[in-house]
Amino acid sequence: MKIVVIGGSGLIGSRLVAKLGTLGHEAIAASPKSGVDTLTGAGLAEALKGASVVVDVTNAPSWEDAAVMNFFETSTRNLLAQEKAADVKHHVALSVVGTDRMLASGYFRAKMAQEKLIEGGSIPYSIVRATQFFEFVKGIADFSTDGDKVRLPVALIQPMAADDVASGVAEVAVGAPVNGIVEVGGPEQFPLYELVRQSLVASKDPREVIADPHARYYGLELSERTLVPDDGARLGETRFADWIKKSALSAHA
Ligand SMILES: NC(=O)c1ccc[n+]([C@@H]2O[C@H](COP(=O)([O-])OP(=O)(O)OC[C@H]3O[C@@H](n4cnc5c(N)ncnc54)[C@H](OP(=O)(O)O)[C@@H]3O)[C@@H](O)[C@H]2O)c1
């Protein structure tokens, strides 16, 4: 199958293109770097010619409320219109577990708008909601840092390796459209502060992590299970401690 990966140069997209290739598919990476822009529509019609499946793993360059909403709405509308013209049989998009529980955030309102456009469109679809990537944990620490302290909630998180996200998305992309949501997550749950603490200890980062039930996560108040998937989610195999060890080894290689 010809499978076009929109956002194919990104963290998940690059891994996904490689995985689809090893499964024997013709996987094409499309993004502004290769002349395909979902916001303006440039290069889209040409890229989608002959495609059976389109996977959208883009992310918005700005997470400011209006900008991120414009990105996901305009991109998704353009994509779905061009997919219809190209007779694409399956639209797959990557979203986030708990999106519907985090609508106080402009970013998640935009992801929800993306999901709604897909659900209301005419292309058979699958939405893959993933938990937070291991690669994103350092960003959580940085965002929540004040001086030398990192204040984080005790809510649970079930993060996963970007490689496992890409495997989950690949499996869905080569299957039949589910016309619904598939959740993917990591193999273990952590209190959020504990995950970040382990990450900082491993990188010998001296910041102190403080568990604070009232601390916010990107401005959001979390309840215990806001970030975790339901029973029945497909779980990746990679454990955080093993991923940290492997990342440290490759950094020193
Ligand atoms: N971070 C997390 O923990 C997490 C958890 C669950 C789900 N997600 C979701 O995962 C998705 C992918 O995230 P990621 O970290 O892999 O993203 P990323 O590494 O930031 O990559 C973003 C991709 O989007 C492309 N892009 C940007 N503007 C574009 C445009 N106008 N037209 C076409 N492509 C465009 C970029 O292309 P260029 O390289 O050419 O600029 C790049 O390939 C996001 O939708 C996010 O919501 C994230």
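Cut-offs and rules
Residues numbered from 1 in each chain as written. Predicted model: local features only at pLDDT ≥ 70, side-chain atom pairs only at ≥ 80, totals over all residues. Heavy atoms only, no water. Core = buried A, V, L, I, M, F, W, Y, C linked by side-chain atoms within 4.5 Å. Buried < 20%, exposed > 50% of the residue type's maximum accessible area, 1.4 Å probe, protein only. Contact = heavy atoms within 4.5 Å. Pairing = 2+ DSSP bridges. Helix = DSSP H or I, 4+ residues; strand = E, 2+ residues; numbered from the N terminus. Axes fitted to C-alpha atoms, helices over the stretch in contact; angles between N-to-C directions. Salt bridge = Lys/Arg side-chain N within 4 Å of Asp/Glu carboxyl O. Near = heavy atom within 4 Å. Polar contact = N/O pair within 3.5 Å; in protein donor to acceptor, adjacent residues only side chain to side chain. Areas by Shrake-Rupley, 256 points an atom, 1.4 Å probe, with all protein chains shown as cover.

A. Quick look at the nonpolar core. Counting residues in hydrophobic clusters, the biggest one holds 30 residues, and the most contacted among them are Leu 192, Val 196 and Leu 222. Discounting residues that sit within four places of it in the chain, Leu 222 has contacts with Met 102, Pro 153, Ala 155, Leu 192, Tyr 217 and Leu 227. In terms of nonpolar packing, the next biggest core, distinct from the first, is built from 24 residues, Val 17, Val 57, Met 160 and Val 172 among them.

B. Region of the structure containing the sheet that holds strand 1 (residues 2–6). Read from one edge of the open sheet, 7 strands run 2-1-3-4-5-9-12, paired in parallel fashion. Of all the strands in the sheet, just strand 2 (26–30) and strand 12 (234–235) have a single pairing partner and so form its edges. Examined bridge by bridge, strand 4 (residues 90–96) and strand 5 (residues 125–130) share 6 bridges and lie parallel to one another. Residue Ala 93 lies in a different strand from strand 5, and its bridge partner there is Ile 127. Taken strand by strand, helix 4 (residues 106–120) contacts strand 3 (53–56), strand 4, strand 5 and strand 9 (181–185), and its axis lies near 160° from that of strand 4.

C. Layout of the pattern of salt bridges. Under the criterion given, the structure shown has 17 salt bridges. With a shortest N-O distance of 3.4 Å, Arg 15 and Asp 163 are connected by a salt bridge. In this pair, Arg 15 is assigned in helix 1 (residues 11–22) and Asp 163 in helix 6 (residues 162–173), connecting sequence segments 148 residues apart. Note on Arg 15: relative accessible area 26%, which makes it partly exposed. Close ionic contact of Lys 138 with Asp 142 constitutes a salt bridge, the shortest N to O distance being 3.6 Å. With Lys 138 and Asp 142 both in helix 5 (residues 137–143) and 4 residues apart, this pair spans about one turn of that helix. According to the relative accessible area criterion, Lys 138 is partly exposed, its value standing at 40%. Judged by relative accessible area, which is 40%, Asp 142 ranks as partly exposed. Linked through salt bridges whose partners overlap, the residues forming this network are Lys 138, Asp 142, Asp 205 and Arg 207.

D. Summary view of the site of the ligand. Around the ligand lies a shell of 26 residues, among which Ser 9, Ser 31, Thr 58, Tyr 107 and Lys 111 are the nearest. Between the ligand and Asp 37, the relevant distance is 2.8 Å, taken from a nitrogen atom to a side-chain nitrogen or oxygen of the residue. For the ligand, the protein covers 84% of the area, taking 940 Å² as the surface of the free molecule. At the level of elements, helix 1, strand 4 and helix 4 are the ones that each hand at least two residues to the shell around the ligand. With 3 residues, the top contributor of residues to the shell around the ligand is strand 4.

E. Just the environment of Gly 185, in detail. Of note, Gly 185 is situated in strand 9. Under the relative-accessibility criterion, Gly 185 is labelled buried at 0%. Note: C-alpha distance between Gly 185 and Gln 158 (27 residues apart in sequence) is 6.1 Å.

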